[in-house]
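For reference, the chains in residue letters:
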Amino acid sequence: SSINSAFILNNPLLVFISMVVLYVAAWLSIFAINNKKITERNRIKEAFSTAIQQLRSNRLGVANTDDRLTAIYALEILAKDHKELYQTVIDVLVNYVRENAPMPPHFEKKPSDTTRVDVQAAMTVLGRRHVTYSEQGLNLHRVYLPKINLKYANLQNADLMGADLCGADLSQAKLQGASLFNVNLLDTNLVGANIKGSDFTATRGLSCDQLKMARKWKSTYRDQELSNGAEIPDFLEKYGPIADTI
């Protein structure tokens, strides 16, 4: 092989041909890589567009729950795999919840009301997202989410002002800094929920029994009459079944 190498080096034409071959090979490699990136970008764009179209189909009167659920979970995967899409996906899902679970007139509410399956799915995805340090809270102002399951949901700094969460399961939820001003919490499960720094001012349906089952209740903002009337022994937080461990 050393003889062949010497022969090639001593032959200008072969050196030139070898350089051309190497250049073409490098160019083809770069071209293939760029094509792969373009194909991947197009695939992501197509997946995102398809999901958005499936969500918007509901606006056209097409009530295909399976399509909407598929779209919601597809968006969740895109947000996890592609950081550049994360905030866009979150905004899309928040807007979807607000549009599809608006607060109805009081006379239209019924005790049997439950949150729609697709809205529950969107809130489940939002609740289990990995929140970044600088991320803003979810804007869920005046949404109607009766009997929704938000157990373990991350709703830190969320704006739930005026929302209706009657009968909701918020056990073990992260509600630090959340605005629950004028929220309906009748029969809501707050067992083990972290409500540090959250605003419970003018909250409706919140009982002392509910409050004392939550964590960090002393640091919440709430009505003075509730604060004065809540008989919550200190030992419940220190030694009870839902004691603070963090």
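It should be noted that the structure appears before, not after, this text.
So, how was this worked out
Residues numbered from 1 in each chain as written. Predicted model: local features only at pLDDT ≥ 70, side-chain atom pairs only at ≥ 80, totals over all residues. Heavy atoms only, no water. Helix = DSSP H or I, 4+ residues; strand = E, 2+ residues; numbered from the N terminus. Contact = heavy atoms within 4.5 Å. Areas by Shrake-Rupley, 256 points an atom, 1.4 Å probe, with all protein chains shown as cover. Polar contact = N/O pair within 3.5 Å; in protein donor to acceptor, adjacent residues only side chain to side chain. 1 Å grid on protein atoms, 1.4 Å probe; cavity = no way out; pocket = protein on both sides within 12 Å on 5 of 7 lines; lining within 4 Å. Points joined across faces, edges and corners; volume = space filled by probe spheres on them. Nonpolar A, V, L, I, M, F, W, Y, C, P; charged D, E, K, R; others polar.

Caption draft 1: Spotlight on the overall build of the chain. Along the chain, the regular secondary structure elements total 8 helices and 2 strands. Across the chain, helices and strands are ordered from the amino to the carboxyl terminus as α-α-α-α-α-β-α-β-α-α. Contacts spanning at least 24 positions in sequence make up 34% of the contacts within the chain whose residues lie at least 6 apart. If you sum the accessible surface of the chain, you get close to 14,800 Å²; carbon and sulfur atoms cover 57% of it.

Caption draft 2: Representation of the side chain of Arg129 within the structure. Note that Arg129 resides in the loop between helix H5 (117-127) and strand S1 (199-200). For Arg129, the side chain forms a polar contact with the main-chain oxygen of Leu126, separated by 2.6 Å. For Arg129, the residues in contact, after removing those within four places along its chain, are Tyr86, Ile90, Glu135, Leu138 and Asn154.

Caption draft 3: Here's a closer look at the layout of surface pockets. In this model, the largest pocket occupies a volume close to 250 Å³. Lining the largest pocket we find 15 residues, and of these Lys110, Pro111, Cys166, Asn184 and Leu186 sit closest to its centre. For the lining of the largest pocket, the residue count by class is 5 nonpolar, 3 polar and 7 charged.

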